[in-house]
Amino acid sequence: MDSAAPKNRFTPREFWAWLSEVFDNYGILILAAILVIYPFLFDALNESIIWLEDNDWEETAEIVAEFRGFVPSTPLMIQILIYTLFGIAFNILLGNTGMLSLGHCAFFGVGGYTVGIMHAWIKPGTYAPDWMVSAFKVLPLEISLITCVIVSTFVAWLIGTICSTKRGVYFAMVTLSISMIFYYSAQTFDDLTGGTDGLGGLENMRLGSINLRVGIMDANITYYFVFIVSVVFIAAIWQVLRSPFGHVLRAVRENENRARICGYNVAKVRLMAFTMSGAISGIAGALAIIYGETVPIENIHFITSGQIVIITLFGGAGTFLGPAVGSFIYWYLRQLMSVEFVKYLAIFQYWEAWVGGIFVLIVLFVPSGILGTIRNMTLEYREKKLLNRKAVAEALAKNAEDEAATEAE
Amino acid sequence: MPILETKNLSKHFGALIAVDGVDYAVDSGELRSIIGPNGAGKTTFFNMIAGDLIPTSGQVIFDGADVSEVPAHERSHMGIGRTYQITNIFPKLSVLENIRIAAQSRKMTFNLWSTVPSHKELVEKSDGILERINLTEKRDELAGTLAHGEQRYLEIGIALATDPKLLLLDEPTAGMSPEETIQTGEFIKSLADPLTIVLVEHDMEVVLGISDKITVLHNGAFLAEGTVEEVRANAEVQRVYLRE
Ligand SMILES: Nc1ncnc2c1ncn2[C@@H]1O[C@H](COP(=O)(O)OP(=O)(O)OP(=O)(O)O)[C@@H](O)[C@H]1O
Ligand SMILES: [Mg+2]
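Quantities reported herein were computed from a predicted structural model and do not represent experimental measurements.

> So, the site of ligand 1: which residues are in play, and what are the values?
All names here are of chain B. Surrounding ligand 1, one finds 13 residues, the nearest of these being Gly39, Lys42, Thr43, Thr44 and Gln85. Within the backbone of Gly39, a nitrogen or oxygen atom sits 2.9 Å from an oxygen atom of ligand 1. His202 is positioned such that a nitrogen or oxygen atom in its side chain is 3.2 Å from an oxygen atom of ligand 1. Within the complex, the protein chains bury 62% of what would otherwise be the 630 Å² of accessible surface of ligand 1. Every element with two or more residues in the shell around ligand 1 is listed here: β2 (16–27) and α1 (42–50). Take the shell around ligand 1: its biggest share by element is three residues, from α1. Looking at side-chain class alone, the shell around ligand 1 contains four nonpolar, seven polar and two charged residues.

> Any chance you could break down the nonpolar core for me, citing the residues and the numbers?
Nonpolar side chains tend to gather and get buried jointly when the protein is soluble and globular. If you look at the biggest cluster of nonpolar residues, it comprises 129 residues, and the most contacted ones within it are Ile82, Leu141 and Phe225 of chain A together with Leu154 and Ile197 of chain B. Looking at which element gives the most residues to this core, the answer is helix α3 (residues 74–97) of chain A, with 15 residues. Counting contributing residues per domain, this core is built from domain 1 (1–79 + 164–244) and domain 2 (88–160) of chain B, each supplying no fewer than three. Setting aside chain neighbours within four positions, we find Ile82 of chain A in contact with Phe108, Val226, Ala284, Leu287 and Ala288 of chain A.

> Summarise the interface of chain A and chain B; cite the residues concerned and give the values.
Accessible area lost on assembly of the parts is the figure often given for the size of an interface. Taken residue by residue, the interface counts 24 residues in chain A and 34 residues in chain B. Buried area between chain A and chain B, summed over both chains or domains, comes out near 2,500 Å², and the portion from carbon and sulfur atoms is 63%. Residues Glu155 of chain B and Arg258 of chain A are paired through a salt bridge, measuring 2.8 Å at the closest nitrogen-oxygen approach. Applying the counting rule to chain A against chain B returns 23 residue pairs in polar contact (both at pLDDT 80 or more). At the level of elements, α9 (219–242), α10 (244–254), α11 (256–261) and α12 (266–288) of chain A are the ones that each hand at least two residues to the side of chain A that touches chain B. Among the elements that line the side of chain A that touches chain B, the one with the most residues is α10 of chain A, at six residues.

> Account for the sheet that holds strand β6 (residues 80–82) of chain B, with residues named and values stated.
Residues and elements named next belong to chain B. Ordered in space as β6-β7-β8-β3-β9-β10, the six strands form an open sheet in which the pairing is mixed. Every interior strand has two partners, whereas the edge strands, β6 and β10 (221–226), have only one. Recorded for the sheet is a direction-independent mean angle of 20° between the axes of neighbouring strands. Where strand β7 (residues 166–170) meets strand β8 (residues 196–200), five bridges bridge the pair, whose relative direction is parallel. Counted as the bridge partner of Leu169 is Leu199 from β8. Docked against the sheet, helix α6 (residues 178–191) engages β3 (31–35), β7 and β8, running at close to 150° with respect to β8.

> Give a description of the packing of α3 of chain A against α12 of chain A that names residues and reports values.
Packed helix pairs are specified by the crossing angle of their axes together with the interaxial distance, meaning the distance between the axes. All names here are of chain A. Interhelical geometry of α3 versus α12 gives an angle of 165° and a closest axis separation of 8 Å. With respect to each other, α3 and α12 are oriented roughly antiparallel. Where α3 crosses over α12, the two elements pack in a sense that is left-handed. Residues Ile82, Leu85, Phe86, Ala89, Phe90, Ile92, Leu93 and Thr97 of α3 lie in contact with α12, whose contacting residues are Arg270, Ala273, Phe274, Met276, Ser277, Ile280, Ser281, Ala284, Leu287 and Ala288. By residue class, the composition of the contact of α3 with α12 is 14 nonpolar, three polar and one charged.

> Mind laying out the coordination of the magnesium ion (ligand 2), listing which residues take part and the relevant values?
All names here are of chain B. Here the magnesium ion (ligand 2) is held by the protein donor atoms Thr43 (OG1) and Gln85 (OE1), which lie 1.8 to 2.1 Å from it. Here the residue Thr43 occupies a position in helix α1, and Gln85 occupies one in the loop between β6 and α3 (95–104), the gap between them amounting to 42 residues. For Gln85, a relative accessible area of 34% puts it in the partly exposed group.

> Account for the domain arrangement of chain B, naming residues and giving values.
All names here are of chain B. Split by domain assignment, chain B resolves into domain 1 (1–79 + 164–244) and domain 2 (88–160). If you average the C-alpha positions of domain 1 and of domain 2, the two centres end up 26 Å apart. Listed by partner, the interface residues are 17 residues for domain 1 and 11 residues for domain 2. Buried surface at the junction of domain 1 and domain 2, both sides included, amounts to about 1,100 Å², of which 61% is carbon and sulfur. When contributions to the side of domain 1 that touches domain 2 are tallied by element, the ones reaching two or more residues are α2 (72–78), β7 and α6. Top contributing element to the side of domain 1 that touches domain 2 by residue count: α6, with five residues. Here the residues of the side of domain 1 that touches domain 2 sort into nine nonpolar, five polar and three charged.

> Break down the pattern of salt bridges for me, with residues and values.
Under the criterion given, the structure shown has 17 salt bridges over all chains. The salt bridge partner of Glu256 of chain A is Arg260 of chain A, with a shortest N-O separation of 3.1 Å. Here Glu256 of chain A pairs with Arg260 of chain A, and both are found in helix α11, just four residues apart, close to one helical turn. On the accessibility criterion, Glu256 of chain A (17% relative accessible area) is buried. Its relative accessible area of 24% is what places Arg260 of chain A among the partly exposed residues. For the salt bridge of Arg32 of chain B with Glu225 of chain B, the shortest nitrogen-to-oxygen distance reads 3.1 Å. Taken as a pair, Arg32 of chain B in strand β3 and Glu225 of chain B in strand β10 lie far apart in primary sequence, 193 residues in all. Bridged by salt links that share partners, the residues Arg167, Glu256, Arg260 and Arg270 of chain A form one connected network.

> How would you explain a nonpolar patch on the surface if you had to name every residue and give the values?
Residues Tyr26, Leu29, Ile30, Leu31, Ile34, Val36, Ile37, Phe40 and Leu41 of chain A make up a contiguous nonpolar surface patch of about 830 Å² in total accessible area. For Leu31 of chain A, the location among the structural elements is in helix α1 (residues 12–54).

Cut-offs and rules
- Residues numbered from 1 in each chain as written.
- Chains lettered and ligands numbered in written order.
- Predicted model: local features only at pLDDT ≥ 70, side-chain atom pairs only at ≥ 80, totals over all residues.
- Heavy atoms only, no water.
- Near = heavy atom within 4 Å.
- Polar contact = N/O pair within 3.5 Å; in protein donor to acceptor, adjacent residues only side chain to side chain.
- Areas by Shrake-Rupley, 256 points an atom, 1.4 Å probe, with all protein chains shown as cover.
- Helix = DSSP H or I, 4+ residues; strand = E, 2+ residues; numbered from the N terminus.
- Nonpolar A, V, L, I, M, F, W, Y, C, P; charged D, E, K, R; others polar.
- Core = buried A, V, L, I, M, F, W, Y, C linked by side-chain atoms within 4.5 Å.
- Buried < 20%, exposed > 50% of the residue type's maximum accessible area, 1.4 Å probe, protein only.
- Domains from an automatic or database assignment.
- Contact = heavy atoms within 4.5 Å.
- Buried area = accessible area lost by both parts, 1.4 Å probe.
- Salt bridge = Lys/Arg side-chain N within 4 Å of Asp/Glu carboxyl O.
- Pairing = 2+ DSSP bridges.
- Axes fitted to C-alpha atoms, helices over the stretch in contact; angles between N-to-C directions.
- Parallel < 35°, antiparallel > 145°, perpendicular 65-115°, else oblique.
- Left-handed = near helix turned anticlockwise from the far one by under 90°.
- Donors = N, O, S within 2.8 Å, 3.2 Å for Na, K, Ca; no water.
- Patch = residues over 30% accessible without salt bridge, like charges linked within 9 Å, V, L, I, M, F, W, Y side chains within 5 Å.

Encoded structure:
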């Protein structure tokens, strides 16, 4: 071999170490970059299929089309983003304050219905009073979203004052019962909410300030809208959790009595956490109705609460981005099973059972969730490496000493 | 003027009378001990002073104000700090964080926009306390992984971080080795004045060694009170407690 030839820069081991280092430092940035251009990537995939077909590469086109089935579509990514926001908001309570709410569907639903009802009914010839209709030729989404923030904050605060004094199972049961009241109300007042058929007639949702239509017509624009709103609120939650208040939440989770004796008004802290969590869940609920342009009643049904518990535990309640991982896995698996896998095995049409089974496995075998487990492994690995390094350094120092000693003799 | 006073303070648990009409007063800067056999009501008495329990009848007066029904967290802000008979810390938080969260309670609860390390004074104060309780080297370890004795000290540190005027220590040497116990006694002595300390303790060597005054509780009621010598000489106390 020519010794002058440039040597490979990395051995495979070094390469993996380098890769994990890069991912550690820039992982979030890389992910964010992918998310930012995601709709273009997916469009490119679609276009490549058309291009291949046009150029008589039928077979290749078929293969690529087959592959596309395994790539999350832009609408699916919208769903994943929304449930990421929802899960991270939910995790303010579960992972950080140690409160398991089984009633978060109430906020998710209320947020959706607030926006839905405003867009469905603030129109000529409906329930809305004339002054309201004449104020907006077309109700801008900004107005309904701000209303949604106010309404869901208020509802969260109200429910919070009722349940945040409860603990453990009682808290879970009270939140569950209250959310059932919301569900049955949505069902009962079907003139307003559309009842079990869902609330339709939302076909004109636009951002008034930049005169941009969002909704089913354009997945990419909806994607970016949802992306921006989600990122803003996720960043806000991230800041809150690292703030002094975030530390108080963890103290309350770890030892409520100790936190109280330290001087914290635990009831107020829990109420504050609950209100924040509920309010942001409401915003997630509002985002969730935009692409579909309907409010399905399932959004306010207990199923949704169950989903968000599963999503959060999938990814790991002890980590900030756990719900993001959970949301991706949940929706991606669901999509794969119900659309792709069923082509080969009919049994996959019962995707709920499969997801449930996987959930059981995760709870049994990786109770800290996927991201939680990865993080624990990384920490362990680092500690080991550090200890190794220390041992080597000590051995070297000892060697040097011994040598010095023999030389002196 | 006494910093702490109880007037005819009682606590009933159903038919059980755990604390029975206790009148008690502590002056600022004193180091006082309460002794009494198991079940005498010492912990229950502490619980009513710190606010863990609301008295059945009677009053707790702290710093001139009746605090009998004030919630525990407010009493903490008024200057009552305590430790528990069974170690009560944040086991899954780091040692530093245990202290820092206590110190933070004096400054802010609902601060959402800053970060904790940016509050330098919190970190400095916590480090100072870690120095005093001799845990500086373990500051980044999880509190739950500390040795028992170290956890006892950590809990005292947590209480100190809330800048109390009155410190209630419920059997701080419980489960410690004889050497640790002696050390702890000295440590507690070093905390007293200006801090007022009330100590519940079973180890008579510690109690007799450091207390200004000793109070004996028996079956929830006040039995005797006095200096070390007086209590030693009291025949009644000898009968119920000091039978050595
Ligand atoms: N929450 C409670 N509910 C019912 N009974 C209680 C409660 N707390 C304490 N007791 C009872 O009150 C009595 C006094 O208990 P306390 O813990 O105050 O005694 P103590 O003097 O601290 O004893 P020890 O030396 O064992 O710590 C005991 O008989 C105990 O069983
Ligand atoms: Mg006791």
